[in-house]
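Chain and residue survey
Here is what each chain is made of, one letter per residue.
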Amino acid sequence: MEEDTLVYRLSPGCDLSDVEEGNTYLGKVQGFATFGMFVQLNDRIKGLVHKTSMKAEHKEKDSVLVRVRQIRPNGNIDLEEQLIQVYQVQPVERKSTTVRIADLGTKQGKTVAIEGEVAQIKQTSGPTIFTIVDESGTQNVAAFVEAGVRAFPEVELNMIVKVIGEVMMRNNQLQIEADAVTALSDEEEKTVRARIETALDARAEPENIKPMVKSDVLDSLMPEMRKVAKIIRRAVFTAQPIILRHHADADGICSAVAIEQAVVSLIRESGGDFDADYYLFKRAPSKAPFYEIEDITRDLDFALKDHARFGQKMPLVILTDNGSTEEDEPSYKIASVYEIPFVVIDHHHPDATIDKYLVGHVNPYHVGGDFGVTAGMLGTEVARLINPRVEPLIRHLPAVAAVGDRSEAPERGHYLALVRDQYPEQACKDIALALDYEQFWLRFNDGREIVKDVLDLVGNHERHIKLVGLLVDGANAMIEDQMNACMPHVVPRVLKNEAKLFLIDVEIHAHKFTFPPPGKTSGEVHDRLCRQNEGKPVVTIGFGPDFAVLRSRGVHMNIPRMVRELHNEIPGGGISGGGHLVVGSIKFVEGMREPVLEALIAKIAEAPVQQ
Amino acid sequence: MEEDTLVYRLSPGCDLSDVEEGNTYLGKVQGFATFGMFVQLNDRIKGLVHKTSMKAEHKEKDSVLVRVRQIRPNGNIDLEEQLIQVYQVQPVERKSTTVRIADLGTKQGKTVAIEGEVAQIKQTSGPTIFTIVDESGTQNVAAFVEAGVRAFPEVELNMIVKVIGEVMMRNNQLQIEADAVTALSDEEEKTVRARIETALDARAEPENIKPMVKSDVLDSLMPEMRKVAKIIRRAVFTAQPIILRHHADADGICSAVAIEQAVVSLIRESGGDFDADYYLFKRAPSKAPFYEIEDITRDLDFALKDHARFGQKMPLVILTDNGSTEEDEPSYKIASVYEIPFVVIDHHHPDATIDKYLVGHVNPYHVGGDFGVTAGMLGTEVARLINPRVEPLIRHLPAVAAVGDRSEAPERGHYLALVRDQYPEQACKDIALALDYEQFWLRFNDGREIVKDVLDLVGNHERHIKLVGLLVDGANAMIEDQMNACMPHVVPRVLKNEAKLFLIDVEIHAHKFTFPPPGKTSGEVHDRLCRQNEGKPVVTIGFGPDFAVLRSRGVHMNIPRMVRELHNEIPGGGISGGGHLVVGSIKFVEGMREPVLEALIAKIAEAPVQQ
Amino acid sequence: MEEDTLVYRLSPGCDLSDVEEGNTYLGKVQGFATFGMFVQLNDRIKGLVHKTSMKAEHKEKDSVLVRVRQIRPNGNIDLEEQLIQVYQVQPVERKSTTVRIADLGTKQGKTVAIEGEVAQIKQTSGPTIFTIVDESGTQNVAAFVEAGVRAFPEVELNMIVKVIGEVMMRNNQLQIEADAVTALSDEEEKTVRARIETALDARAEPENIKPMVKSDVLDSLMPEMRKVAKIIRRAVFTAQPIILRHHADADGICSAVAIEQAVVSLIRESGGDFDADYYLFKRAPSKAPFYEIEDITRDLDFALKDHARFGQKMPLVILTDNGSTEEDEPSYKIASVYEIPFVVIDHHHPDATIDKYLVGHVNPYHVGGDFGVTAGMLGTEVARLINPRVEPLIRHLPAVAAVGDRSEAPERGHYLALVRDQYPEQACKDIALALDYEQFWLRFNDGREIVKDVLDLVGNHERHIKLVGLLVDGANAMIEDQMNACMPHVVPRVLKNEAKLFLIDVEIHAHKFTFPPPGKTSGEVHDRLCRQNEGKPVVTIGFGPDFAVLRSRGVHMNIPRMVRELHNEIPGGGISGGGHLVVGSIKFVEGMREPVLEALIAKIAEAPVQQ
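To start, this report covers the structure provided alongside it. Just so you know, these numbers come straight off a predicted model, no measurement behind them.

**As for the overall build of chain A**
Regarding its fold elements, chain A presents 16 helices and 23 strands. The C-alpha atoms of chain A give a radius of gyration of 34 Å, which is well past the 25 Å a tight globule of 611 residues would have. Expressed as lengths along the three principal axes of its C-alpha atoms, the size of chain A is roughly 120 × 55 × 40 Å. Every one of the 611 residues in chain A was classed for burial, and the buried ones make up 56%. Summed over all atoms, the accessible surface of chain A reaches about 25,800 Å², with 50% contributed by carbon and sulfur. Computed over 69 positive and 91 negative side-chain charges, the inter-centroid distance for chain A is 2 Å.

**Observations regarding the packing of aromatic side chains**
Scanning the entire structure with this criterion turns up 24 aromatic pairs over all chains. Considering the side-chain rings of Phe 440 of chain A and Trp 441 of chain A, the 5.0 Å spacing of their centres and the 90° angle between planes classify their relative orientation as edge-to-face. The buried category is assigned to Phe 440 of chain A, whose relative accessible area is 15%. Overall, Trp 441 of chain A belongs to the buried group, its relative accessible area being 9%. Ring geometry for Tyr 332 of chain C versus Tyr 357 of chain C: centroids 5.8 Å apart, planes at 25°, classification stacked. Of this pair, Tyr 332 of chain C sits in helix H6 (residues 329-337) while Tyr 357 of chain C sits in the loop between strand E16 (342-345) and strand E17 (360-362); the two residues are 25 residues apart in sequence, bridging distant segments of the chain. For the residue pair Tyr 332 of chain C and Tyr 357 of chain C, the accessibility class agrees, reading buried in each case. Three or more aromatic residues link up through ring pairs in this structure, and these residues are Tyr 291, Tyr 332, Phe 342 and Tyr 357 of chain A. Seen from the ring of Phe 38 of chain A, Lys 46 of chain A lies directly overhead, with NZ or CZ sitting 5.0 Å from the centre.

**With respect to the interface of chain A and chain B**
Listed as interface residues are 36 residues of chain A and, on the opposing side, 44 residues of chain B. Where chain A abuts chain B, roughly 3,300 Å² becomes buried across the two surfaces, and 62% of that area is made up of carbon and sulfur atoms. The tally of links between chain A and chain B comes to three salt bridges. Between Lys 305 of chain A and Asp 446 of chain B there is a salt bridge, and its shortest N-O distance comes to 2.6 Å. Summed over the shared surface of chain A and chain B, the result is eight residue pairs in polar contact (both at pLDDT 80 or more). Counting residues per element, the ones that place at least two in the side of chain A that touches chain B are helix H5 (293-310) and helix H6 (329-337) of chain A. By residue number, the principal contributor to the side of chain A that touches chain B is H5 of chain A, which donates ten residues. Looking at the side of chain A that touches chain B residue by residue, the classes come out as 16 nonpolar, eleven polar and nine charged.

**Quick look at the relation of the copies chain A and chain B**
Its rotation angle being 120°, the transformation that places chain A on chain B also includes 0.0 Å of axial translation and leaves an RMSD of 0.2 Å. Taken together, these values place the two copies in the relation of a three-fold axis. Here only 3% of the contact residues of chain A are again contact residues in chain B; the copies associate through non-equivalent surfaces.

**A word on the sheet that holds strand E16 (residues 342-345) of chain B**
Residue and element names in this part refer to chain B. Within the open sheet, the five strands sit side by side as E14-E13-E15-E16-E17. Their pairing is parallel. Of all strands in the sheet, those bounded by a partner on one side alone are strand E14 (281-286) and strand E17 (360-362). Across this sheet, the average inter-strand angle for adjacent strands is 15°, counted without regard to direction. Bridge count for strand E15 (residues 316-320) against E16 is four bridges, and the pairing is parallel. Its bridge partner being in E16, Ile 318 is matched across the sheet by Val 343. Across the sheet, helix H2 (residues 216-237) touches strand E13 (242-247), E15, E16 and E17, and the angle it forms with E17 is around 135°.

**Comments concerning the pattern of salt bridges**
Any two side chains of opposite charge can pair, on the condition that their charged atoms come close. Residues and elements named next belong to chain A. Within this structure, the stated rule accounts for 114 salt bridges over all chains. A salt bridge links Asp 299 to Arg 245; its shortest N-O distance comes to 2.8 Å. Of this pair, Asp 299 sits in helix H5 while Arg 245 sits in strand E13 (residues 242-247), and the two are 54 residues apart along the sequence. Among the residues examined, Asp 299 registers a relative accessible area of 3% and is labelled buried. Exposure remark for Arg 245: the relative accessible area of 4% places this residue in the buried category.

**Observations regarding the interface of chain C and chain B**
The interface of chain C with chain B comprises 43 residues on the first partner and 36 residues on the second. Taking both sides of the interface into account, the surface hidden between chain C and chain B amounts to around 3,300 Å²; carbon and sulfur atoms contribute 62%. The interface formed by chain C and chain B contains three salt bridges. Of the charged contacts, one joins Arg 443 of chain C and Glu 294 of chain B as a salt bridge, the two residues approaching to 2.6 Å between their closest N and O atoms. Where chain C meets chain B, there are eight residue pairs in polar contact (both at pLDDT 80 or more). Sorting the residues of the side of chain C that touches chain B by element identifies strand E12 (173-183), helix H11 (425-442), helix H12 (448-454) and helix H13 (461-486) of chain C as the ones contributing at least two each. With seven residues, the single largest contributor to the side of chain C that touches chain B is H13 of chain C. Taken together, the residues of the side of chain C that touches chain B break down into 17 nonpolar, 13 polar and 13 charged.

Cut-offs and rules
Residues numbered from 1 in each chain as written. Chains lettered and ligands numbered in written order. Predicted model: local features only at pLDDT ≥ 70, side-chain atom pairs only at ≥ 80, totals over all residues. Heavy atoms only, no water. Helix = DSSP H or I, 4+ residues; strand = E, 2+ residues; numbered from the N terminus. Rg over C-alpha atoms; globule rule 2.2 N^0.38 Å. Buried < 20%, exposed > 50% of the residue type's maximum accessible area, 1.4 Å probe, protein only. Areas by Shrake-Rupley, 256 points an atom, 1.4 Å probe, with all protein chains shown as cover. Lys, Arg positive; Asp, Glu negative; His and termini not counted. Charge placed at Lys NZ, Arg CZ, Asp CG, Glu CD. Phe/Tyr/Trp six-rings, centres within 6.5 Å; stacked < 30°, edge-to-face > 60°. Lys NZ or Arg CZ within 6 Å of the ring centre and 35° of its normal. Contact = heavy atoms within 4.5 Å. Buried area = accessible area lost by both parts, 1.4 Å probe. Salt bridge = Lys/Arg side-chain N within 4 Å of Asp/Glu carboxyl O. Polar contact = N/O pair within 3.5 Å; in protein donor to acceptor, adjacent residues only side chain to side chain. Nonpolar A, V, L, I, M, F, W, Y, C, P; charged D, E, K, R; others polar. Least-squares fit on C-alpha atoms with pLDDT ≥ 70 in both. Pairing = 2+ DSSP bridges. Axes fitted to C-alpha atoms, helices over the stretch in contact; angles between N-to-C directions.

So, in C-alpha cells, the structure goes:
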C-alpha cells in the first residue's frame, strides 16, 4: 500500500534554517503580483510561486501546497505549486536549542531561543518589551504586533516562557526581536524554574574565604556575612535595583564604598546594560544617624516611580553604620507595606525589635562583640564576599574606618598592621579627616568619584596624596578657626562628683552652617579640654537653642537612661535623644533649655567617676 | 490624425505603487555603471536601463524617456530607453489618500499622507523634525536633506501642510520619514484648518453628565466646569504640556490627584509617546497657600527651557485649592507676559481682580456657594468631565476632601453617603490625615505613586489599608508628642468679651521642622482647648518670632479686616496676612511682635461672641 | 622571460570601490552553499564562486585565487576560481583620502577616512565608541567586534589614528561605523599632530578688533582678553565642557550672559551634537561673592562623574565678577589636584597669590584701572572676541552692568552713549533692577531663557519691555514695603568725627527670606538716609545676629584693615569679612555681637570725613 505523501507545516517559531529544499509545505496565499503569487509558510517565511509554476486559480488566504525548489543566497525562496489529493501533515518544530542569556553576545544576527522568567513587561507606543531573567543574566525582548498594542497578551509577569527571536543591536544594547513568546507547559515550567533557581542559588553563593584579619567576632559573624553577601549577589544577578544608605561619617563611608566597589564591579562583570551600575545602584549618605522617615519616603517615591514608569523591580535596601535601632523602625514599617527587603550592616547596639523587618543583619553585638568592630570593617568583609576581586582595592578601608571611629577593639590593630606599609596610621587618620571634611561640602551627595580619590581607589596614588593633603590642611584650618571663636567662651564648673564640666553655647559662640558642624565642634572642644585636664574626669556639653551634645571621659554615664528620666521628669520639655556611655545627644524645646540643662547636669553630677 | 504619445512624469510624492509596467516616463540620468545607466523617475524611484536597452549617448542629469519593462519583486525596475519625438507629458499624482494621525498605528512600513498644522519644528544635527497636529492626534515627521540642514525651509510654524512619507518605528516610537512636506494652497488651508478646528472642538467637548451628588451649587457651576474640562481636554489633544499646582493639604491633593488621574489616562488613551504622561504632565504641590512668585519663576524657567530646547509648547497651568485671591496676582502678571493660560479650581473667596488673568475659574462663591464645597469636590467633578472613565477610581475623593477640610456644607454628607459602604467616615478621616502626614515627608514632591496608594487608586486595597493604618499611627504618635511638649506652656487669658484666649509660643515650646508643623500644631492645641472649654468662645493664637496663627470658635472676627487695620495702626510693624472668619494668620517683623500681638488681642476682645 | 601573474590582496580598509572587475584577488573560503562557495576578499567584501566556476576541492578558510567577473548593481560579486602556479601579490590600499571632520555632513552613506586624536574611548554593551578630534571638529566613531568587547584594543587615549568607515546617521547624529582604527606611524603621527595643533591654534585665534568704546584700561587689557578668548574658543573647538560661574548680581549676570551668548552660538556654529550647547556649557550663579568650597565640590563631583560615565573631558572653568581674591584660593587648590584650568574675568581688587592657579585673568587693576571698569564691560568685550557675530545682541550689556554696579568710571558714560538710542540710562537701570529681582526668585538657577528676555536678547522687544516693567514694579513695591517696616526702627548716632551713623537691625526689623535681602535692604536704607542728610558724611550699619553690612558716604574707611584689626583685638569674636572703601561686610559669632559692633563703631569714629 502506498504511503500518503508527507507534507510539512512550519511552526510559528521556525525560520529559514528549518526549511529544506525539495520538501513540500502547507502554505497560505499572501498576495499576487504580475509575475506570480506569494505564499507564506509561516508568519515570517514566504516564497514566490512564479506564474509559470502555478497550477490553479487562488485567492488571498487560500491554503496551498508548495514545493521548495530553491533557497537563494539572499533568502528568497522559489516555490512551485503542488496538487496532491491525499497527504499527511507533519509539523516542523524549530530546531534551535536554548541559549543561555549570558551567551547572547556572540549570537548577533542569529535567531535563538531562550528560556526564563518574565521579570518585567513594558508596553511602549511601539513594541511590547519583555524582560527575561535566566540563571545567567537578564535580557530585553521586543515583540511587535501593532504600534502600541500589547503583544502576546497571554504572557504574564513571573511566568516561565520560551522566547524565539533574532538577536539585534538596538541603541548599543542587545535586544531580541521576538517571533514567539510562549508560556511553557506546567511540567516544563517546573523544570525550568527549578533549574534557574538552583543555578541562581549556586551562582549567588559567595566564595569560601576567611576574614582578612584574625578576629573571633568576625569569624562568628561569617555565616551572617555570607548570607548578606549572597542576598546582594542575587540582587545583582536578577537586575534588582540596590539602594545603599549609610551614615555620612568616615566609618559609614568606608563601609558603603567598599560595598559599592564590589557591587558596581559585579554589575559590570555580569553584563547587562553598560550603564546599569548607574541606574541599578545608588549610594546615598543619610542626614540623620538613622534611616529616617524622610529617607524612606524619598527612596520609596523614586522606587515606585521607576517601577511604574520603567518597570523596574522594587529595590533591595542596604543600610550600613545605621539601621539597627528603634529609631529606624517607623521607616521599616512603611517599607514593609511594599515588601522591600532590607539588609543591615551596623555596629550600633541593636534593638531586638527590628530584626523582624530585616532579611539579613550583620552586627558584632549578635556574637558578643561591640562597636569597636566598626561598620567599615564589616562592610569591607562583606564586600570581599560579594566580589573577591575588589579586595586589593579596598583592603585599607577597615583601617581608615577604625581610626575614623576611634575603635579600641583589637581588630583596629590588625587592620592597621595589614596595610601599614602603604597606609601608616597617620595616613589613615588623614584620610578619615579628609572624608569627613569632603562629605561636609558634598552635603548629602555621594560624590562617587571624588570619594574614590580620597580613598585611593582610582589608581592615581600621587593625586590621592595631594588631594588628602589639601583636604586635611583645609579641615585643620577651619577647626582652628572655630576653636579660636569657641574656646574663650567655654564656661567651666566642678560637679559634686569632682568631674569637670564644661559648657559651650555652639549657637552663639561658634560659626554656624560651616565646618566643623556643632557635633564635631563640641568634640574638638572636648578633646582640647581633656588634654588640658590630663587624668581628670571631664564632661563637655555643647548646646544650641534646642539641643545639647555630650562628650565625656572618665565619667560613667548611661545617656539613654538619663534621657528617659528627663523625658518623664520634665513635662513640656519635649525631650528625646540617645547615645551610649561616652557620647550622646539630647533634644528639647527651645523654651525649656535652662531647666533641661540644669537637670541634665544634676544627673551627671551623680554619675560615678573614674579617678 | 495620430495622437501624441502619452509620457508620464512622476510627482515627488509618488512611490513604487504609482509606477505601472508598460508605461513610459520622463526620467533623468542619475549615473552610469559598466552594465548600464541608472535613471531617476523622481527623487525616490530609480531604475536601470541595461546597456543593451540604451539607445543614445547620455551624460548625467540628461532627461530621457524610459519604458518600464518589469518591476521585480524586490522593487528593482528594469527600464528601456525610448526615442520619441512628439509626446505629451502627463503628471502622475500620488494615489495615497490622507490618513488620520490616530490611524497611523496600523500603517507601519507604508507610505501615507497626513494633513495638519505644524505645531513644532526642531532642527537636529541630522534631520529636521516637524510635529504635525490634526484633529485626531500628534505625529512627529522627520525630513532629511543633509546632516544639520533645515529641510523644507519654506514650511513654517502654524502652517497647514500635507506630509507624504513612510511610517517607521524609531526608538520604539512611530515616525514618518517624509518625502514631501508641502504647504496647502490658501483655499485648501482654510478647509483643512476649519476641519481640524471643528473636529478638535467636538472632540474636546465633555460628555453630558450631572454631578455625582445633588447640589444646587454644583449644578450652577456645571457650565464653568464643562468649560474648564474642555480647555484641559483640548490641551491633551494638542500635546500642550500641563502643569498642575495645588495646595499641599488633603483637600488640595484630592482635587489635584482626581484631575491627574483623568488627564494621565486621557493622554495614554490619546496615543502619542508612551512616556508622554510624564513629560507633558506635571503635578506640583505649592509651598505657600497661593501661587507665589517663586512658583511661577520656576515653572516659567522650566517651560521656557523646554520650549527652547525641545520645542515644546508653553504650558497650560491649572491651579486647584489655590489661585483665586489677590496674593496670586503678581504671578499671574508675570505669566501674562508669556501668554500662559490659567484655569483655577478653588473654593477660597475670590478677588474679582484676578479673573482677567484666567481662561476659566470654577469657584462656588461665583454661584452663591462657599468654601464648604471644597476643591476636592470640584476637582473630582471636573475630572469626570475630562475623562468619565476614571470616575469609579476617584469617586471617594470628595468625601476624603470634605472631612479633611472640615466642610460643613450639605455636599459633605452626600459625598460621604455615596461611598459609605467602602469608605465610612472614619476611613475618609484616616486617609485625609495620612495624606497630610505623607505630604509632610514628601516635602514638596508630588509622590505620585505613594499618594495613589494612600488614596486607594492602585487597585491593591489591602496594601492601601495597611499603608494608611501605619501613616495614621505615625501621625498620631507625633501629634501626641508635640502636644506633650506644647500644652503645659499654653498661657490662658479671659478677654473682656468673655472669650477665652490661649497663647502658645510654637517656636520655643514645640518641636520644629517636624510633623506637625506650626499651623497644624496650633490647630491641634485649639481643638484640645475647645474640648476642655465646651460651649465657650475660644480663640487660640500660636505664634513664632514673626508670625501668628489664629483659630477661633464662637468669636466673630473678620481677620482680613483686623490685619488691614493693624497694618495701618502700627508703623514699622511690617504687617500682612489674611484668612477668613475662623482661621487666619498674620506676619510681622520679629522686633515688633509684642505690640502687634497685644494690638491683635485688643481687637479680638472687641469681637462679638456667640454665647 | 614571462612576468609573474599579478594577484591583488585587499587591505582591511578597502571597500567595494577598490575592487576592479577583471582583476584576480587572493581570497579566503568563507563557506559553502548548494550553488557554490563564498570567498572573502577582506573582512567586509565577499563574493560568490558559482559551482560551475569552481576549479578544485576546498574547505573553509582555504586560500584561493579568484577573478572578479562582474560586480552587480546591488553590490554582489561574481567570482571565478583561478589556478595559477606562479604569481606575485600586490596589496591594494584603500583609495579614500582623508576627510576633515567638519566636512562629514555631506558624506552620509559614504566610506571615508579621517585622521585625528583619540579624545575619548567609551565601551558600551554593544560597540566601542571612539571620539576623534581633528582641527575642524569632533566625531564619534563606533567600532564593533562582539557585543561588549573592546574593539581595536591597541588604540589608546591621545593616540593619533586613522579611521576608515562609513558615515551613518544614528539617533539623529552623524556616526562613523569603523572598518579600521589604526595608529599612525611615529612620523605620520608627528606630522598629523603638528597639523592639528597648528590648525587649532590658528582657528582659536580671535579676530583683531578694538574695544567698543574709547578706554585706556580696556586697550591695555586687550592682550589678556585675547588670550582668554582664545582659551575659551579652543575649549569649544575641542569639545571641552565649560562651566561659567558668576556673581549673582546684575553686573555678574551681564558679564556671564555675554559670554554665554558667544560660547553657545560658537558651539552651534561648530557643529557637533545639536544638544551640545546644553551638556557642554553650564552657567551657574554663585551663592557667595566668591568661588566657595561648596561650588568647587559640586562642580568637581559632576565633572568627575561625567568623566567616568560619559568620558567627557575635565571642564574649563570661567569665573566672572568673582575669583580674583584670597577667598577663592581654597577652591583653586582643590581644583589644581585635577588640573582644571581656570580663567577669571573680574574687577575686584586681585590678590597676587591667586594668579598661579589661573591660565588667564582679565582684571583692570592689572593695568592701573579699578572696579569702575565692571565685570559686565569686561565680559562683553571678551564675548566679542570669542564670537564677534554676537556683538549686535550684547552691546548694551556693559551699560546695564555699569548702572547696576554704580560705576563712576569714564567707561560708564561711553557705554551708555553707545546704546542711548535704544536703551537710555533709565532703561538700563530698570533692566539692572529687574535682573536683581528676577535672580532673587530664580534662587541660584541660571534661568537662561527668562534672563535672555530681561536682557532683550530674544528679539521680542515688546515682551522685554512688558517683562522688565512688571519686574521693576514688583521690585519697587517690595522695596517700599521693606522700607516701611525698617525705617521707623533706624537708630541714629553722631560720631566724634561728626559722621552720622545709622543702625538698623535687619533681622528683627525687616522681612526675612524675601526681596530685598539684608544687603540690599541696608543699601536702600542708606540711600534714603543719604538723601535726608544731603552733604553730610553718613555711615549705615545693617546688622543681623552674626553679621553686619556697612555702607558709607564721605567717610574714609579702610574696611579690610578694620576687619583685620577687630579680628586681632577681640579674641573669641570669630571675626572675618572684607570689602573696600565704601561698602563692606563683617561676620562674627552671635554671642559677641555687642562688643564687635561697638568696637567697629569706635573705629568708624576715627576715620577722616569728607566735609
